[in-house]
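# Understanding the architecture of this molecule
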Amino acid sequence: MGGPGCGKETQCKNMATKYGFCHVGLGQLLWQKAQQGTRRGQKIHDVMLQGLLVPTVGQAPNLIIVFDCSMETMVQRVLHRGQVECRASDCKLAICQRLEMHYTLCEPTLAFYQQKNLLRN
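This write-up is about the structure you can find in this document. Owing to the predicted nature of the structure, the values given are computational and were not obtained by experimental measurement.

Each helix and strand in the chain was counted, giving five helices and two strands. Mapped in sequence order, the helices and strands of the chain form the string α-α-α-β-α-α-β. Scaling as 2.2 N^0.38, a compact globule of 121 residues should have a C-alpha radius of gyration of about 14 Å, and the chain matches this with 15 Å. Nonlocal contacts in the chain, meaning residues at least 24 apart in sequence, comprise 65% of its contacts between residues at least 6 apart. Surface accessibility of the chain: about 8,300 Å² in total, with carbon and sulfur atoms responsible for 55%. Taken together, the 14 basic and 8 acidic charged side chains of the chain have centroids lying 8 Å from each other.

Turning to the environment of Gly 41, a few remarks are in order. Tracing the sequence through the fold places Gly 41 in helix H3 (residues 39–49). Separated by 36 residues in sequence, Gly 41 and Arg 77 place their C-alpha atoms 25 Å apart. Once you skip the residues sitting within four places of it in the chain, Gly 41 turns out to touch Lys 33, Ala 34 and Gln 36.

With that settled, consider the nonpolar core. One finds Cys 6, Phe 67, Met 74, Val 75, Val 78, Ile 95 and Leu 99 forming the largest nonpolar core, which totals seven residues. Mapped by element, the contributors of at least two residues to this core are helix H4 (71–85) and helix H5 (92–115). Per element, the largest residue contribution to this core is three residues, and it comes from H4. Once residues within four sequence positions are removed from consideration, Phe 67 is found in contact with Met 1, Gly 2, Cys 6, Gly 7, Lys 8, Gln 11, Cys 12 and Met 15.

Looking now at the side chain of Asp 90. For Asp 90, the location among the structural elements is in the loop between H4 and H5. Engagement of the side chain of Asp 90 in a polar contact is seen with the side chain of Arg 98, the distance being 2.9 Å. Leaving out residues up to four positions away in the same chain, Asp 90 has contacts with Val 78, Leu 79, Arg 81, Gly 82, Ile 95 and Arg 98.

Below, the discussion takes up the environment of Leu 49. Structurally, the position occupied by Leu 49 is in helix H3. Taking the C-alpha atoms as reference points, Leu 49 and Asp 90, separated by 41 residues in sequence, lie 8.0 Å from one another. When residues no more than four places from it in sequence are discounted, the contact partners of Leu 49 are Ala 88, Ser 89 and Ala 94.

Close contact between H4 and H5 brings their axes to 10 Å; oriented N to C, the two are set at 135°. If you check the angle between H4 and H5, you find them oblique. As for the relative orientation of H4 and H5, their crossing is right-handed in sense. Contact with H4, carried on its side by Met 71, Met 74, Val 75, Val 78, Leu 79 and Arg 81, involves Lys 92, Ile 95, Arg 98, Leu 99 and Tyr 103 of H5 and no other residues of that element. Its residues assigned to classes, the contact of H4 with H5 shows eight nonpolar, no polar and three charged.

Counting across every chain of the model gives five salt bridges. Between Glu 9 and Lys 13 there is a salt bridge whose closest N-O contact spans 3.1 Å. Residue Glu 9 and its partner Lys 13 are both found in helix H1 (residues 8–19); the two are separated by four residues, about one turn of the helix. Between Arg 81 and Asp 90 there is a salt bridge, with its nearest N and O atoms 2.8 Å apart. Arg 81 sits in the partly exposed class, given a relative accessible area of 23%. Taking the relative accessible area as the measure of exposure, Asp 90 reaches 4% and is therefore buried. The structure contains a network of salt bridges with shared partners spanning Arg 81, Glu 85, Arg 87, Asp 90 and Arg 98.

Thresholds applied
- Residues numbered from 1 in each chain as written.
- Predicted model: local features only at pLDDT ≥ 70, side-chain atom pairs only at ≥ 80, totals over all residues.
- Heavy atoms only, no water.
- Helix = DSSP H or I, 4+ residues; strand = E, 2+ residues; numbered from the N terminus.
- Rg over C-alpha atoms; globule rule 2.2 N^0.38 Å.
- Contact = heavy atoms within 4.5 Å.
- Areas by Shrake-Rupley, 256 points an atom, 1.4 Å probe, with all protein chains shown as cover.
- Lys, Arg positive; Asp, Glu negative; His and termini not counted.
- Charge placed at Lys NZ, Arg CZ, Asp CG, Glu CD.
- Core = buried A, V, L, I, M, F, W, Y, C linked by side-chain atoms within 4.5 Å.
- Buried < 20%, exposed > 50% of the residue type's maximum accessible area, 1.4 Å probe, protein only.
- Polar contact = N/O pair within 3.5 Å; in protein donor to acceptor, adjacent residues only side chain to side chain.
- Axes fitted to C-alpha atoms, helices over the stretch in contact; angles between N-to-C directions.
- Parallel < 35°, antiparallel > 145°, perpendicular 65-115°, else oblique.
- Left-handed = near helix turned anticlockwise from the far one by under 90°.
- Nonpolar A, V, L, I, M, F, W, Y, C, P; charged D, E, K, R; others polar.
- Salt bridge = Lys/Arg side-chain N within 4 Å of Asp/Glu carboxyl O.

And the structure:
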């Protein structure tokens, strides 16, 4: 877990290579789905453009890795990524909205998993 641009995808790819895991990036999957001409893809695209979190369903984790990064660094990284990858959802307004949503929604989740001793930094 971590805010947008904190290095989740980069570090997960590095760990997958090092330990032989299969890396599946949820953000990349959602972005690909958003580019499709489907109704569901359009809904995902609209949610992402608003800087909101796309709802997902999954099983409970055994371990949570938390990537700590300053807000300023995350904003700069995501702005750069938006320019390089031409992502409309990586504009300053959407980034700030995603960061706000991240901190609002993820802090209680982090506290929950901290109590269960599942967090690793």
